[in-house]
Protein chains: 2
Amino acid sequence: MRYCPSCGATLERRTPEGDDRERHVCPSCGAVHYQNPKIVVGSVCSHGGQLLLCRRAIPPRAGFWTIPAGYLELGETAEEGARREAWEEARARIQLEGLLAVYSVRRIDQVQLLYRARLLDPDVSAGPESLEVRLVGWDGIPWDELAFPTVRWILERALAVKDQPAPLVTVGNPDQAQPDLAPGEGGL
Amino acid sequence: MRYCPSCGATLERRTPEGDDRERHVCPSCGAVHYQNPKIVVGSVCSHGGQLLLCRRAIPPRAGFWTIPAGYLELGETAEEGARREAWEEARARIQLEGLLAVYSVRRIDQVQLLYRARLLDPDVSAGPESLEVRLVGWDGIPWDELAFPTVRWILERALAVKDQPAPLVTVGNPDQAQPDLAPGEGGL
């Protein structure tokens, strides 16, 4: 970040008054441009004892296996984002069951919110970012061909808790209808 | 966002190839500037049956009560951010116990990760963004003077689960030491 997105002037790095760290500050219009970690949302989707995996069509790690996941967009909730990614990458319609894990990946400034979900329909197919999609048994996970460490972590965790009821943590806001959460799960 | 942060040229709004929504695209250098929701991290901190609340010194909602919470910074994990905010706003040293809730606040493009924590030391005091801090009993929460709906939601939730063990959800990465999570809680 070198130029002010608001006015086009050349930015300075300095600590604004009342702050305790350097920011991109515009000497012309005074705007402070904060940079913050991004949110990745995704889900481990199962159906009848099988898991949904996608083989990546795009970098990074094209050709390797992952779960449906991607950046949360403006204007959507984390749960909506997880459902959108399942559709975009695997044409999968899913019902979220609860949050499985929150991973902070400091090196790339990501926080990943990863859910457990069930497929509403086993008829899945590769979206534009996937080479292929597959339903595999728990013993058929290609551990040596996974795209990212977080994919391994979440599959190990999903395997470890696969017979447990959905996690206690609340996902979704109390003042909203939550059509994407299974009844009685994910809430109080 | 009107000017390219990379080269200073005037940005266009258009849908990049392979994307399905409009982005800020630079016609000069070709950069695509994504905008995404931000992460707020915070905690409901208790000590001997009392809760930590902070009265805000700064807008929005100066003078109203909140929990220690704020934007996650680059280079830190969600758990580190929650601990930093407790220190900055209330000079509180805390031990995280688990994740209480994930709220998506669509209108302001925030995802809030709110934890349960215990104070390691009841000696707290107002940081620069607080007018005062107070330890109150569960029956002493100033429900009519809370700063934001999410503060009410998380206090209601913390009250509802105050006698339950920490949530099952994993917070923190399996390949990291997790000094800010209580042993046996928050993870597998």
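Details of the structure are given in the entry above.
Just so you know, the residues in each chain are numbered from 1, in the order the chain's sequence is written. To read the labels, note that chains go from A and ligands from 1, taken in the order they are written. Per-residue local features of the predicted model are confined to residues with pLDDT of at least 70, and side-chain atom pairs are confined, for both listing and counting, to 80 or more; whole-chain, interface and lining totals are unaffected and use all residues. The side-chain values count all of the structure's non-hydrogen atoms but skip hydrogen atoms and water molecules.

(A) Local environment of the overall build of chain A. Across its full length, chain A holds two helices and eleven strands. The rule is simple: take the accessible area with a 1.4 Å probe, protein chains only, and divide by the maximum for that residue type; under 20% is buried, over 50% is exposed, in between is partly exposed. Looking at chain A as a whole, 52% of its 188 residues qualify as buried. A separation threshold of at least 6 residues defines the contact pool for chain A, and within that pool the share at least 24 residues apart is 58%. Of the accessible surface of chain A, which amounts to about 8500 Å², a share of 47% is contributed by carbon and sulfur atoms. Comment: elements are numbered from the N terminus, with helices defined as DSSP H or I runs of at least four residues and strands as E runs of at least two. Contact criterion: two residues are considered in contact whenever any of their non-hydrogen atoms come within 4.5 Å of each other. Working definition of accessibility: Shrake-Rupley area with a 1.4 Å probe, residue cover restricted to the visible protein chains.

(B) Layout of the nonpolar core. Within the largest apolar cluster, 44 residues are counted, with the highest numbers of intra-cluster contacts made by L113 of chain A together with L113 of chain B. With residues up to four places along the chain from it excluded, the contact list for L113 of chain A reads I39, V40, V41, G42, A78, L99, A101 and V102 of chain A together with V102, V111 and L113 of chain B. If you look at the next biggest cluster of nonpolar residues, it comprises 19 residues, including L53, W65, I141 and L146 of chain A. To qualify as a nonpolar core, a set must consist of buried Ala, Val, Leu, Ile, Met, Phe, Trp, Tyr and Cys residues joined through side-chain atoms within 4.5 Å.

(C) Structural view of the interface of chain A and chain B. Across the contact, 57 residues belong to chain A and 57 residues belong to chain B. Here the quantity called buried area is the total loss of accessible area, with a 1.4 Å probe, experienced by two parts when brought into contact, counted for both. Regarding the contact of chain A and chain B, the summed buried area is about 4800 Å², with carbon and sulfur atoms giving 55% of it. The term salt bridge refers to a pairing of a side-chain nitrogen on Lys or Arg with a carboxyl oxygen on Asp or Glu at a separation within 4 Å. Counting across the chain A and chain B interface gives six salt bridges. Across the salt bridge formed by E80 of chain A and R106 of chain B, the nearest N and O atoms sit 2.8 Å from each other. Polar contact is defined as a pair of N or O atoms within 3.5 Å, subject to the rule that within protein one atom must be able to donate a hydrogen and the other to accept it, and that residues adjacent in sequence are counted only when both atoms are side-chain atoms. Here chain A is connected to chain B by 18 residue pairs in polar contact (both at pLDDT 80 or more). Secondary-structure elements contributing two or more residues to the side of chain A that touches chain B are β4 (38-47), α1 (78-90), β8 (94-105), β9 (110-119), α2 (149-160) and β11 (170-171) of chain A. Per-element accounting of the side of chain A that touches chain B gives the leading share, seven residues, to β8 of chain A. Only Asp, Glu, Lys and Arg are considered charged in this grouping, and only Ala, Val, Leu, Ile, Met, Phe, Trp, Tyr, Cys and Pro are considered nonpolar; every other residue, Gly among them, is considered polar. A class-by-class count of the residues in the side of chain A that touches chain B yields 30 nonpolar, twelve polar and 15 charged.

Keep in mind these values describe shape, not function.
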